[in-house]
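One-letter residues, chain by chain:
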Number of protein chains: 2
Amino acid sequence: MTPRERYRSQVRAEIKQHAWEQIATTGASALSLNAIAKQMGMSGPALYRYYASRDDLITELIRDAYRSLADTVQAAAAAGADLAGLAHAMRAWALEDPHRYLLIYGTPVPGYKAPDDITLISAEIMTALLDAAVKLPARTPSTPLDAHLADHRDWAAGHPAPPEALHRALSFWTRVHGVLSLELAGHFSGMRIDTALLFETELNDLLAP
Amino acid sequence: MTPRERYRSQVRAEIKQHAWEQIATTGASALSLNAIAKQMGMSGPALYRYYASRDDLITELIRDAYRSLADTVQAAAAAGADLAGLAHAMRAWALEDPHRYLLIYGTPVPGYKAPDDITLISAEIMTALLDAAVKLPARTPSTPLDAHLADHRDWAAGHPAPPEALHRALSFWTRVHGVLSLELAGHFSGMRIDTALLFETELNDLLAP
DNA sequence: TTGGAACAGTTATAACTTCTAACGTAAGCA
DNA sequence: TGCTTACGTTAGAAGTTATAACTGTTCCAA
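Parameters and conventions
- Residues numbered from 1 in each chain as written.
- Chains lettered and ligands numbered in written order.
- Predicted model: local features only at pLDDT ≥ 70, side-chain atom pairs only at ≥ 80, totals over all residues.
- Heavy atoms only, no water.
- Axes fitted to C-alpha atoms, helices over the stretch in contact; angles between N-to-C directions.
- Helix = DSSP H or I, 4+ residues; strand = E, 2+ residues; numbered from the N terminus.
- Parallel < 35°, antiparallel > 145°, perpendicular 65-115°, else oblique.
- Left-handed = near helix turned anticlockwise from the far one by under 90°.
- Contact = heavy atoms within 4.5 Å.
- Nonpolar A, V, L, I, M, F, W, Y, C, P; charged D, E, K, R; others polar.
- Buried area = accessible area lost by both parts, 1.4 Å probe.
- Salt bridge = Lys/Arg side-chain N within 4 Å of Asp/Glu carboxyl O.
- Polar contact = N/O pair within 3.5 Å; in protein donor to acceptor, adjacent residues only side chain to side chain.
- Near = heavy atom within 4 Å.

Residue and element names in this part refer to chain B. Put simply, helix α4 (residues 83–96) and helix α9 (residues 195–207) touch, their axes get as near as 11 Å, and they point 150° apart. Between α4 and α9, the angle is such that the two are roughly antiparallel. With respect to the hand of their crossing, α4 and α9 are arranged in right-handed fashion. Each of L83, A84, A87, H88 and R91 in α4 lies in contact with α9, whose residues at this interface are T195, A196, F199, E200, L203 and L207. The residue makeup of the contact of α4 with α9, split by class, is seven nonpolar, two polar and two charged.

So this is what it looks like as structure tokens:
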């Protein structure tokens, strides 16, 4: 790695760090390249040496966020966590930096298409969920959704999980996201509800019976 | 109502209509007052006679969205719909205009505080859900969440629902939102999944047992 | 060691944005 | 008929993203 490359990647990292700080205070939609440049003591156009556009920077932030979530989930799985354990890892990750979660799962920009490598990372996450789902005992009544998923399993990327596990992973995803996104968006604030307990209860309802 | 007032409210409505169209194509964060003014054949600053700021316009759009959702839910309830019926009404409403849903439940702008009258409308929605929840037979095992909710029921705004019903309304909300928001944000697209069936299944799991 | 190429960062500029200020005009009302 | 009010205009300030053209530095290789 040449000195130039080292310097370059260091500046790119510093830009991203300032970007995250700005997102935390003003939201992703108000992220300003100019403001970042000023914080770093250089003029606005200088940043374009490092990111071709504002969208390019945001795409990289999204990529980093996905990568971080995938790493978190995979690390939990490697440490022997079951599906409930993965849920707690995901929740902890989300609460650690709400805007990072919302950048991935929040309101999408119409017309924005994530590059393929990001789609691959999200598939890694799904694979980890499926791995954990197959280890659970199958639930008794097979639903029409199970039958449907037996025929529509392209999204599982060749994972050999039985339909019940596909169903469970999907429900897991929607329930975790349901509680988490409402919590992070502040829709429970002022309600004085124990969101951890709500999260736990929704999870139990999926995993216990 | 004077002619001036009539004209004024008509122009305001036309501005909002253009705003919704623009949100549908570019997203709420890229909504441009200037572009709306041009579409209406007048200069940018003219719009400030009708809305004090861009935020003011968006707030009104949010208010209208909440009002529309509350009306939809209340109309379904008045027509005798049970909790499942309300869920279908909400889903239909969301699919009818995804951006309207995402404006309410999508990524919030940090620092934005909805005015009180909007909070009141969202309370109307919750009341309708609670009304429907109390009509269902209580589920057998009482959870720790039920106990918690017995002591934390301020958000129910004096509604006499028992803790089990509070629990059910809360779960209803998070599950409906979980499936719906992932669907509207496009996270299922490309997966070739029957999202209606997934929605139905998540709902059944809450209402059937 | 000394060119020369590559690259970082600069200013200037275009085309946007929100929003304020000052002004003319026209509509409504007494 | 005249006065007041409000509408819409242009001008402009202070931002934004992004490109172009220029300067200086750094690195690398002959």
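From this point, the discussion proceeds with the structure in view.
Moving on: the interface of chain A and chain B. Contacts between the two partners involve 48 residues from chain A, matched on the other side by 48 residues from chain B. When the two sides are added together, the surface that chain A and chain B hide from each other amounts to roughly 3800 Å², 68% of it contributed by carbon and sulfur. Counting the contacts that link chain A with chain B gives four salt bridges. A salt bridge links E202 of chain B to R175 of chain A; the nearest nitrogen and oxygen atoms lie 2.7 Å apart. Between the two partners, chain A and chain B, sit 13 residue pairs in polar contact (both at pLDDT 80 or more).

In the vicinity of DNA strand C there are 20 residues, among which Y7, R49 and Y50 of chain A together with L33 and N34 of chain B approach most closely. Considering DNA strand C, the proportion of its atoms within 4 Å of the protein that are sugar or phosphate atoms stands at 62%. Take S43 of chain A: an N or O atom from its main chain is 2.8 Å from a phosphate oxygen of DNA strand C. A distance of 3.3 Å separates a phosphate oxygen of DNA strand C from a polar atom in the side chain of S32 of chain B. Elements with a minimum of two residues in the surface near DNA strand C: α1 (3–26) of chain A together with α1 (3–26) and α2 (33–39) of chain B. With three residues, the single largest contributor to the surface near DNA strand C is α1 of chain A.

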